Amino acid sequence: AVVRTTDPVRFADAGIDPEALLYTEIQSALRAAVETFEAEALLTARAELADRLLGPVTVAAEAQGRTVQRLAVKDFAFPAEMKRALGAVVRARKE
């Protein structure tokens, strides 16, 4: 996410490490959004996923005196077990 400080006082009052707080909020929003997708759909739904994150991340950023200028999902890192499961699903569909 690219954010800009719009209220320096609120930003200073946001806590010891506003960047870490916002990062935690982004992680939480991402987990909630990912749960709404099937694993295969995630591979092609980056823009939709980013759209779902925008609302909660914007609220969190505004609470810190900042605005979100851009938010994008660049890539996914699935756990090894999930990669194997997805590979098995793809192979089964090809057969």
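Residues numbered from 1 in each chain as written. Predicted model: local features only at pLDDT ≥ 70, side-chain atom pairs only at ≥ 80, totals over all residues. Heavy atoms only, no water.

Draft legend 1. Representation of helix H2 (residues 18-34) in the model. For H2, which comprises 17 residues, the first-to-last C-alpha distance of 24 Å matches the rise-based estimate of 24 Å (1.5 Å per residue) to within 8%. By the burial criterion, the buried members of H2 are Pro18, Leu22, Ala29 and Ala33. Each buried residue of H2 lies within a common arc of 45° when the element is viewed along its axis, so the set occupies one face. Among the exposed residues of H2, those pointing more than 90 degrees away from its buried face are Tyr23 and Arg31. Packing partners of the buried residues in H2 comprise strand S1 (2-5), helix H1 (8-13), helix H4 (46-63) and strand S2 (66-70). (Helix = DSSP H or I, 4+ residues; strand = E, 2+ residues; numbered from the N terminus. Expected span 1.5 Å × (residues − 1). Buried < 20%, exposed > 50% of the residue type's maximum accessible area, 1.4 Å probe, protein only. Arc of directions from axis to C-beta. Contact = heavy atoms within 4.5 Å.)

Draft legend 2. A look at the packing of H2 against H4. Packing of H2 against H4 brings their axes to within 9 Å, and their N-to-C directions diverge by 145°. Relative to H4, the crossing made by H2 is right-handed. On H4, the residues touching Leu22, Glu25, Ile26, Ala29, Leu30, Ala33 and Val34 of H2 are Leu49, Arg52, Leu53, Pro56, Val57, Ala60 and Ala61. Residues of the contact of H2 with H4, tallied by class, amount to 12 nonpolar, no polar and two charged. (Axes fitted to C-alpha atoms, helices over the stretch in contact; angles between N-to-C directions. Left-handed = near helix turned anticlockwise from the far one by under 90°. Nonpolar A, V, L, I, M, F, W, Y, C, P; charged D, E, K, R; others polar.)

Draft legend 3. Expanded view of the pattern of salt bridges. In total, this model carries three salt bridges according to the counting rule given. Note that Arg66 and Glu19 form a salt bridge whose closest N and O atoms lie 2.6 Å from each other. A residue pair is termed long-range when its members are at least 10 positions apart, and Arg66 in strand S2 and Glu19 in helix H2 qualify at 47 residues. With a shortest N-O distance of 2.7 Å, Arg52 and Glu48 are connected by a salt bridge. Highlighted residues: Arg52 and Glu48, both in helix H4, separated by four residues, approximately one helical turn. Given the relative accessible area of 39%, Glu48 is considered partly exposed. (Salt bridge = Lys/Arg side-chain N within 4 Å of Asp/Glu carboxyl O.)

Draft legend 4. How the structure looks around the confidence of the model for the protein chain. On average, residues of the protein chain score 88 in pLDDT, and 100% of them reach the 70 mark or higher. Least confident of the elements in the protein chain is helix H3 (residues 39-42), whose mean pLDDT is 79; most confident is S2, at 95. (pLDDT = per-residue confidence, 0-100.)

Draft legend 5. A look at H4. With 18 residues, H4 extends 26 Å between its outermost C-alpha atoms, agreeing within 8% with the 26 Å of an ideal straight helix rising 1.5 Å per residue. Of all the bends in H4, the greatest reaches close to 35° and is centred on Leu54; the proline Pro56 follows between one and four positions later. Within H4, the full set of buried residues consists of Leu49, Ala50, Leu53, Val57, Ala60 and Ala61. Remark: Gly65 follows H4 within two positions and exhibits a positive phi of approximately 80°. (Bend = angle between axes of the 7 residues up to and from the residue.)

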